[in-house]
Amino acid sequence: MLSILSQTLSAFEPLLPVARVIVGVLFSVWWLWLPIVLAALAIRQWQEYTRTRYLRGMKWVLLEIIPPPEVQRSPKIAENFFSGLHGVYGSSLKWKKMFFDGKVPDWFTCEIVGDAQGMRFYIRTPAGHRNLLESHIFAQWPEAEIREAEDYTSRLPKDIPSEQYDLFGTELIFTKEHAYPIRTYPFFEEQSGKDEYVRTDPMASLAEVMSSLKPGEHVWLQLTLRPTGGDWVKEGQKVVDKIMGKEPKVEQTMGQKIIALIDAIIPNSSGGSEEKKEKKDFNVMALSPGQRSALEQIEIKLSKLAFKAGFRFVYLAEKAAFNRARIAGVIGYFKQFYANDLNSFKPNGEVTTSSDGKLAWLFPSNRGFGAAEAEFKKKVDLLEKYRGREFVKDFCVLNIEELATLWHLPGLNVKAAGLPRVEAKKSTPPANLPGF
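On a predicted model such as this, the values are computed, not experimentally measured, just so you know. (Residues numbered from 1 in each chain as written. Predicted model: local features only at pLDDT ≥ 70, side-chain atom pairs only at ≥ 80, totals over all residues. Heavy atoms only, no water.)

With respect to unusual backbone geometry
Logical step 1: Pro161 follows Ile160 through a cis peptide bond whose omega is 5°.
Logical step 2: Of note, Pro161 is situated in the loop between β4 (145-148) and β5 (165-174).
Logical step 3: Here Arg389, not a glycine, exhibits a phi torsion of approximately 50°, which is positive.
Logical step 4: By the secondary structure assignment, Arg389 is in the loop between α12 (371-388) and β11 (396-399). (Helix = DSSP H or I, 4+ residues; strand = E, 2+ residues; numbered from the N terminus.)

Quick notes on the pattern of salt bridges
Logical step 1: As enumerated under the stated definition, the model contains 19 salt bridges in all.
Logical step 2: Between Glu64 and Arg147 there is a salt bridge, and its shortest N-O distance comes to 3.5 Å. Placement of Glu64 in strand β1 (residues 60-66) and of Arg147 in strand β4 is noted, with a sequence separation of 83 residues between them.
Logical step 3: Note on Glu64: relative accessible area 10%, which makes it buried.
Logical step 4: Counted as one network, the salt bridges with shared partners bring together Lys76, Glu79, Lys304 and Glu401. (Salt bridge = Lys/Arg side-chain N within 4 Å of Asp/Glu carboxyl O. Buried < 20%, exposed > 50% of the residue type's maximum accessible area, 1.4 Å probe, protein only.)

Side note on empty space enclosed by the protein
Logical step 1: This structure, assessed with the given rule, holds two cavities of 30 Å³ or more.
Logical step 2: Taken as a whole, the largest cavity encloses approximately 60 Å³ of empty space.
Logical step 3: In this structure, the largest cavity is lined by Pro181, Thr184, Gln297, Ile300, Lys301, Asn399, Glu401 and Glu402.
Logical step 4: Residue assignment for the lining of the largest cavity shows that the elements contributing at least two residues are α10 (289-302) and α13 (400-406).
Logical step 5: The element that contributes the greatest number of residues to the lining of the largest cavity is α10, accounting for three residues.
Logical step 6: Tallied by class, residues from the lining of the largest cavity come to two nonpolar, three polar and three charged. (1 Å grid on protein atoms, 1.4 Å probe; cavity = no way out; pocket = protein on both sides within 12 Å on 5 of 7 lines; lining within 4 Å. Points joined across faces, edges and corners; volume = space filled by probe spheres on them. Nonpolar A, V, L, I, M, F, W, Y, C, P; charged D, E, K, R; others polar.)

Digging into the packing of aromatic side chains
Logical step 1: The full count for this structure, using the stated rule, is 18 aromatic pairs.
Logical step 2: Between Tyr122 and Tyr152, the ring centres sit 4.9 Å apart and the planes meet at 35°, which makes this aromatic pair tilted. Taken together, the positions of Tyr122 in strand β3 (residues 118-126) and Tyr152 in the loop between β4 and β5 put the pair 30 residues apart, joining distant regions of the chain.
Logical step 3: Across the ring face of Tyr180, the terminal group of Lys176 is positioned such that the distance to the ring centre comes to 5.0 Å.
Logical step 4: Sitting over the ring of Phe391, Arg226 keeps its end group 4.3 Å from the ring centre. (Phe/Tyr/Trp six-rings, centres within 6.5 Å; stacked < 30°, edge-to-face > 60°. Lys NZ or Arg CZ within 6 Å of the ring centre and 35° of its normal.)

Details of α10
Turn by turn, an α-helix covers 3.6 residues, leaving residues three or four places apart pointing in a common direction.
Logical step 1: Its 14 residues place the ends of α10 20 Å apart at the C-alpha level, agreeing with the 20 Å of an ideal helix rising 1.5 Å per residue.
Logical step 2: Of all the residues in α10, the buried ones are Ala294, Leu295, Gln297, Ile298, Lys301 and Leu302. (Expected span 1.5 Å × (residues − 1).)

Side note on the side chain of Arg389
Logical step 1: Using a relative accessible area of 2% as the deciding quantity, one classes Arg389 as buried.
Logical step 2: A distance of 3.3 Å separates a polar atom in the side chain of Arg389 from the backbone oxygen of Arg387.
Logical step 3: Beyond its immediate stretch of four places on either side in the chain, Arg389 contacts Leu62, Trp107, Thr109, Glu111, Arg124, Asp151, Tyr152, Thr153, Gln222 and Arg312. (Polar contact = N/O pair within 3.5 Å; in protein donor to acceptor, adjacent residues only side chain to side chain. Contact = heavy atoms within 4.5 Å.)

So, in structure tokens, the structure goes:
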């Protein structure tokens, strides 16, 4: 080992004089670059300060949504709900608001929670959007019940993991580009007759997992949402062009545009403008059936409103009740949206609670140095992000059809025992009632 180190140092010896010259030059003109570096650092610290101040000043409301006794329509009605929620998206934030006030675009969290008491649905919203949110929920599920709720995460101790509790968690990301969609609710509908469909609610498997939880077990799913504009469609169009065999469009610099203009005006040496190479017309039949299907689904996805989104999954349990089969059950719920020619979810290796430690390849157990300490830190960090409802760093772009598939109030075909519903129908008093 020492010989290798000495050989490495000797290899860099000829570069030492050059390094000394470079360092000397930098120190001699410190007055030129040091103010720029200090100004950049000061701007960055200011932005961090204003952003933190703005986020701490935001007022939030956590609402529990209790499903109505009968939901006979498909998850498509949830598309209308997310379309309405997209209405908070406006023009891009002004740089003054971002720089001086630290303002960031608003976001929501749609949450599904399970424990021994059953399965529940929550939405956390900025307080200013509460009326908008409630109106769109009642528009699609008129008999649902909405009530302000305490934060369910506060019912468990803050110091998890601990001697009593352990957890597993991760964030989910796409396996392919954002333009590729996942399987959505139309894939789960089979036509059985004229205007009649047999619907398999994709949420049924998740409801069964949550209904089987024992005392001391908790499953938390958190979908963070932030409306996005049409900028991502340009990236999606590149995927379409790639499938169709088109050459990717390259943005020209100003110099390239000037040269192209001169070439178009001045004839070439042959006395005429340069002939463009003829391109063959695209024939969709040249694609394989899988490519044609993927192309169709991508274009459908690009045509609908979309959100930047991310899923967090946390399984917490008392150590005596910890059951890894619950983890497999929830991951299996996401597996049903997989299609070989489309998109799917996978755990984000950068944001997960497992770690092999350092130099794991040296050990038969594949557990390297500091694995336990690294796992403890990852568990604490992920749980803090969940409890703080932080917007995910590595997001997916999901359109309203995909969101309606992943988060909706289950229909009557979801018979899980632990799924509470509204027990009594509420209505407004008649207009001619005395006193109104």
